[in-house]
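Chain by chain, the residues:
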Amino acid sequence: MSAPRTTTGNARPGDEQSATAADSTSPLIETPERQALRRAVGDLGRRYGSAYYLDKARQGLPADELWAEAGKAGYLGVNLPAEYGGGGGGITDLAIVLEELGTAGCPLLLLIVSPAICGTVIARYGTEQQKQHWLPGLADGTRRMAFGITEPDAGSNSHRISTVARRDGDDWLLTGRKVFVSGIDHADAVLFVGRTEDARTGKLKPALFVVPRDTPGFEYRPIPMELVAPEKQFQVFLDDVRLPADALVGDENAGLLQLFAGLNPERIMTAAFSLGLARQALAKAVDYARSRTVWDTPIGAHQGLAHPLAVCAIEIELARLMTQKAGHLYDMGDDLAAGEAANMAKYAAGEAAARTVDQAVQTLGGNGLTQEYGLGALLTATRVGRVAPVSREMILNYVAQHTLGLPRSY
């Protein structure tokens, strides 16, 4: 994969990053191409910065300008096949894009959904017609797709999904409810997880359907959130939504195999999202600790502040390494090992981000809660990496059962 072209420009005031705290170069484990991709995306992100991102979020507006420029530069589709307009890379490359944008203050949540989940699933299991119809637009940013799996009564238990698709002649009728679906208001369609009846066993199993936003019977309403982000969250009501046969993505009998083709990238990308927040917060804390002087001494000279920030730096780097491992395993096609690594990476990055943002706010004191520094908004944002797309507790259950071989607890 060749790195997309570099976009240049000047950083906004207040968006400068500490070279040490936000250093993104990992020459021992990343190719020169991926290092170039990090630098190029970082340049673009700093041109916009947290001031732009938070202003958009507080106005309730999407970050369309950044999304469009990232798409035009080739960053949104680095993981998608080159024959459909993508960069021909893998989820590791797309994770770099999200991490670097987040570090620069612009953690675009829809990157997790549109190219990572939906683009990956369609690229792996879609028909040729579906690939030609959707992938070029997902790659260049002119089309967006949301993803709907979570339900009010199912929670983390995907086996209790009650959204059901049933045959009606050659068509499908999709009925159910979904919650916490990101960015529907600016998406062209949603990739929904429903359940169909297995012709062999009669049991219900997962299946994936592309539903255009303007389809009759498809209603969505915003969920009021404390999260400061350009992407809104929605609840969805599907009332006998009629879909053509080609709305189904992949084999209706493939079940969980196709679903986890999207869920493992989701976990890896959520780890990258958390890492970007953590690196952004650490950079601001380190810069402040270097320059803020009390009693003729920079506060960063005191071990009471220096040591907690050092712990944050260590935890961030460990989580980054785990995320890179997960991306590598997934891109190599080892879905089983990637599942374990993706869960671990998501957990480690979520915990590192929560600790780092909390410590950054503590380092800045009262300034840490002002809009000028933008750290207060990150306090809520870091919770995303701990509760979504799967809670930290469910990841611990997974590791206890599958990695350690302990009895299942639920």
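Residues numbered from 1 in each chain as written. Predicted model: local features only at pLDDT ≥ 70, side-chain atom pairs only at ≥ 80, totals over all residues. Heavy atoms only, no water.

**Notes on the pattern of salt bridges**
What the rule picks out here adds up to 24 salt bridges. The salt bridge partner of R38 is E100, with a shortest N-O separation of 2.6 Å. One end of the pair, R38, is in helix α1 (residues 32-59); the other, E100, is in helix α3 (residues 91-103), and 62 residues separate them in sequence. Between E100 and R279 there is a salt bridge, and its shortest N-O distance comes to 2.9 Å. Of this pair, E100 sits in helix α3 while R279 sits in helix α6 (residues 256-291); the two residues are 179 residues apart in sequence, bridging distant segments of the chain. Looking at R279, the relative accessible area reads 2%, which means it is buried. Sharing partners across several salt bridges, the network here consists of E30, R38, E99, E100, R279, E317 and R320. (Salt bridge = Lys/Arg side-chain N within 4 Å of Asp/Glu carboxyl O. Helix = DSSP H or I, 4+ residues; strand = E, 2+ residues; numbered from the N terminus. Buried < 20%, exposed > 50% of the residue type's maximum accessible area, 1.4 Å probe, protein only.)

**Observations concerning unusual backbone geometry**
In this structure, P389 follows A388 across a cis peptide bond, with omega equal to -5°. The residue P389 is located in the loop between α9 (375-387) and α10 (392-403) in this model. Of note in the backbone geometry, W295 takes a positive phi value of approximately 55° without being a glycine. Mapped onto the secondary structure, W295 falls in the loop between β9 (293-294) and β10 (297-298). A relative accessible area of 79% places W295 in the exposed class.

**Quick look at the nonpolar core**
Membership of the largest hydrophobic core comes to 96 residues, with the highest contact counts inside it found for Y75, L111, M145, F147, L191 and M269. Once residues within four sequence positions are removed from consideration, F147 is found in contact with V113, I117, C118, V181, V190, L191, V193, L259 and L263. One finds A165, F192, A207 and F209 within the second-largest nonpolar core, a separate group that totals 20 residues. (Core = buried A, V, L, I, M, F, W, Y, C linked by side-chain atoms within 4.5 Å. Contact = heavy atoms within 4.5 Å.)

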